[in-house]
Amino acid sequence: MNLNSLSEIASYIVSEGKGILAADESNPTCTKRFDSIGVESTEENRRDYRELLFRAEGMKGNIGGVILFDETIRQSAADGTSLVDVINSQGALPGIKVDKGLQPIGDTEESLTQGLEGLDERLKEYFELGAKFTKWRAVITIGNDMPSSEAISANMGALADYAKIVQNNNMVPMVEPEVLMDGNHSIEDCYDATSRCLESLFSSLSERGVDIKGTILKPNMITSGSNYSNQADVDEVAQKTLDCLKTYVPDDLPGITFLSGGQSDLDATAHLDAMNKIGGFNWKLSFSYGRALQQPALKAWMGKVENASSAQEALSHRALMNKLASEGKWDISLES
Ligand code: 13P
């Protein structure tokens, strides 16, 4: 693949309905996922699981990028091929999570994502290892007096600082301001918190001189809190998410790839499809799902070699369904 500029890389990842497989779970998060299927989280098991995902038939044509964790970008498949090469051979670009997780802000319940220290040196190594894009996740909580303006501006400022350093190292920054679904807030509260984040994020990116054409946004959708009694339906989620994005996201951003954030795999697909059926925007609207792509594959695998091909079929199916949703061509009847 001959991609010469940041905007070509960003545009390739979301071309023709393609989206991103988020496989960048840190070891503790991967351990949680493996605990749910009774599999020990060893380095080899993590490698085996991710290798089977990356080799799945349905990666081709449906997945344009894969986000990796530090351990994975250094690993080789059982036959000695580097996992980076396996991903490239599927027509997807390798990406890397570069933030260092969350630190509480004072004694509050809010957090600031860490990782700017030493980032420039780490990026140089990741570039040599084959990374074409990077991810940094900021976490914003809705609750009593939250999110605070301080938490929003500190986190969005850090995202913009990170994005600038990444572009200076010739990789595409994916900026992820995740407003958590956790809580019993209404969809209006989510709209309000997400608006405040996106407004602050794009003004910080512009202040730092980040090239928007070489950037990917990974936002949450606008949904009801997961414990809210009266859950918004698919049409409302789609319409409110689009209203919010159209208000705050510049037209020349090449791609918006949503996180799934705890939505079921079918909800994540249905919401994405509904937005693309409505249309009326310049960016590609696609997916960067972790759980919503992997959950059925994880359940099919159960840590057993003999289940590898059913796990691959499960991932391939979700990848295809989400590609169709990115083109507004999904239908529930395709799920059976
Ligand atoms: P989920 O789709 O499971 O939310 O994961 C995406 C991700 O990369 C979160 O940072």
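Basis of the calculations
- Residues numbered from 1 in each chain as written.
- Predicted model: local features only at pLDDT ≥ 70, side-chain atom pairs only at ≥ 80, totals over all residues.
- Heavy atoms only, no water.
- Near = heavy atom within 4 Å.
- Polar contact = N/O pair within 3.5 Å; in protein donor to acceptor, adjacent residues only side chain to side chain.
- Areas by Shrake-Rupley, 256 points an atom, 1.4 Å probe, with all protein chains shown as cover.
- Helix = DSSP H or I, 4+ residues; strand = E, 2+ residues; numbered from the N terminus.
- Nonpolar A, V, L, I, M, F, W, Y, C, P; charged D, E, K, R; others polar.
- Core = buried A, V, L, I, M, F, W, Y, C linked by side-chain atoms within 4.5 Å.
- Buried < 20%, exposed > 50% of the residue type's maximum accessible area, 1.4 Å probe, protein only.
- Contact = heavy atoms within 4.5 Å.
- Phe/Tyr/Trp six-rings, centres within 6.5 Å; stacked < 30°, edge-to-face > 60°.
- Lys NZ or Arg CZ within 6 Å of the ring centre and 35° of its normal.
- Expected span 1.5 Å × (residues − 1).
- Pairing = 2+ DSSP bridges.
- Axes fitted to C-alpha atoms, helices over the stretch in contact; angles between N-to-C directions.
- Salt bridge = Lys/Arg side-chain N within 4 Å of Asp/Glu carboxyl O.
- Parallel < 35°, antiparallel > 145°, perpendicular 65-115°, else oblique.
- Left-handed = near helix turned anticlockwise from the far one by under 90°.
- Disulfide = S-S within 2.5 Å.

1. Details of the site of the ligand
Point 1. Residues in close proximity to the ligand total 13 residues, the closest being Lys135, Lys218, Ser260, Gly261 and Arg291.
Point 2. For the ligand, an oxygen atom lies 2.5 Å from a polar atom in the side chain of Ser260.
Point 3. Within the contact set of the ligand, an oxygen atom lies 2.8 Å away from a backbone nitrogen or oxygen of Gly290.
Point 4. Here the ligand loses 90% of its free accessible area of 300 Å² to cover by the protein chains.
Point 5. Mapped onto the shell around the ligand, the elements with two or more residues apiece are β6 (133–140) and β10 (284–289).
Point 6. Its residues assigned to classes, the shell around the ligand comprises three nonpolar, four polar and six charged.

2. Observations concerning the nonpolar core
Point 1. By size, the foremost hydrophobic cluster in this structure holds 88 residues, and its most contacted members are Phe54, Val66 and Leu217.
Point 2. Beyond its immediate stretch of four places on either side in the chain, Phe54 contacts Leu21, Ala23, Met59, Val66, Leu68, Thr72, Leu83, Val86, Ile87 and Gln90.
Point 3. Grouped together as the second largest cluster of nonpolar side chains are 14 residues, Tyr12, Ala22, Phe133 and Met174 included.

3. Points about the packing of aromatic side chains
Two aromatic rings, taken as a pair, are described by how far apart their centres are and by the angle between their planes.
Point 1. Tallying each qualifying case throughout the model produces six aromatic pairs.
Point 2. Centroid distance Phe34 to Tyr49: 5.6 Å. Interplanar angle 85°. Geometry classified as edge-to-face. Placement of Phe34 in helix α2 (residues 27–35) and of Tyr49 in helix α3 (residues 43–54) is noted, with a sequence separation of 15 residues between them.
Point 3. Residue class for Phe34 comes out buried when judged on its relative accessible area of 0%.
Point 4. Among the aromatic residues, those joined into a cluster by ring pairs are Phe34, Tyr49 and Trp301.
Point 5. Sitting above the plane of the Tyr12 ring, Lys18 keeps its charged end 4.7 Å from the centroid.

4. Points about helix α7 (residues 149–168)
Point 1. Here α7 contains 20 residues, and its C-alpha end-to-end distance of 29 Å stays within 8% of the 28 Å for a straight helix at 1.5 Å per residue.
Point 2. Each element contacted by the buried residues of α7 is listed here: α1 (6–13), β5 (111–113), α6 (119–129), β6, β7 (172–179) and α8 (187–207).
Point 3. Trailing α7 by a residue or two, Asn170 shows a phi angle of about 65°, which is positive.

5. A look at the environment of Pro94
Point 1. Along the chain, the position of Pro94 falls in strand β3 (residues 93–97).
Point 2. By relative accessible area, which is 0% here, Pro94 ends up buried.
Point 3. Spatially, the C-alpha atom of Pro94 lies 25 Å from that of Val249, the residues being 155 residues apart in sequence.
Point 4. Setting aside anything within four residues of it in sequence, one finds Pro94 in contact with Val66, Leu68, Val84, Ile87, Asn88, Gly130, Ala131, Lys132 and Phe133.

6. Some thoughts on the pairing of β6
Point 1. Of all eight residues in β6, seven are buried, a share of seventy percent or more.
Point 2. Sheet topology places β3 next to β6; three bridges connect them, and they run parallel. In the strand pairing of β6, Gly95 is matched with Phe133.
Point 3. The pairing of β6 with β7 spans eight bridges and is classified as parallel.

7. Some details on the sheet that holds strand β8 (residues 216–217)
Point 1. On the basis of which strands lie adjacent, the closed barrel formed by eight strands has the order β1-β2-β3-β6-β7-β8-β9-β10 and parallel pairing.
Point 2. Packing against the sheet, α8 makes contact with β6, β7 and β8, and its axis sits at approximately 155° to β7.

8. Examining the pattern of salt bridges
Point 1. For the structure shown, the criterion picks out 21 salt bridges.
Point 2. Among the ionic pairs, Lys240 bridges to Glu188, the shortest N-O distance being 4.0 Å. Remark: Glu188 occurs in helix α8 and Lys240 occurs in helix α9 (residues 234–248); sequence separation between them is 52 residues.
Point 3. The exposure class assigned to Glu188 is partly exposed, which follows from its relative accessible area of 46%.

9. Here's the deal with the packing of α3 against helix α11 (residues 291–301)
Point 1. Packing of α3 against α11 brings their axes to within 11 Å, and their N-to-C directions diverge by 120°. In terms of axis orientation, α3 runs oblique to α11. Crossing hand, α3 versus α11: right-handed. Taken together, the residues of α11 that come into contact with α3 (itself represented by Asn45, Tyr49, Leu52 and Leu53) are Gln294, Ala297, Leu298 and Trp301.
Point 2. Looking at side-chain class alone, the contact of α3 with α11 contains six nonpolar, two polar and no charged residues.

10. Overview of the state of the cysteines
Point 1. Evaluation of the coordinates by the stated rule reveals zero disulfides.
Point 2. There is no disulfide at Cys190, and the cysteine sulfur nearest it, in Cys244, is 8.0 Å away.
Point 3. On the basis of relative accessible area, Cys190 is assigned to the buried category, the value being 2%.
Point 4. Of all cysteine sulfurs, the one in Cys244 lies closest to Cys197, which takes part in no disulfide; the gap is 9.2 Å.
Point 5. Assessed through its relative accessible area of 1%, Cys197 is described here as buried.

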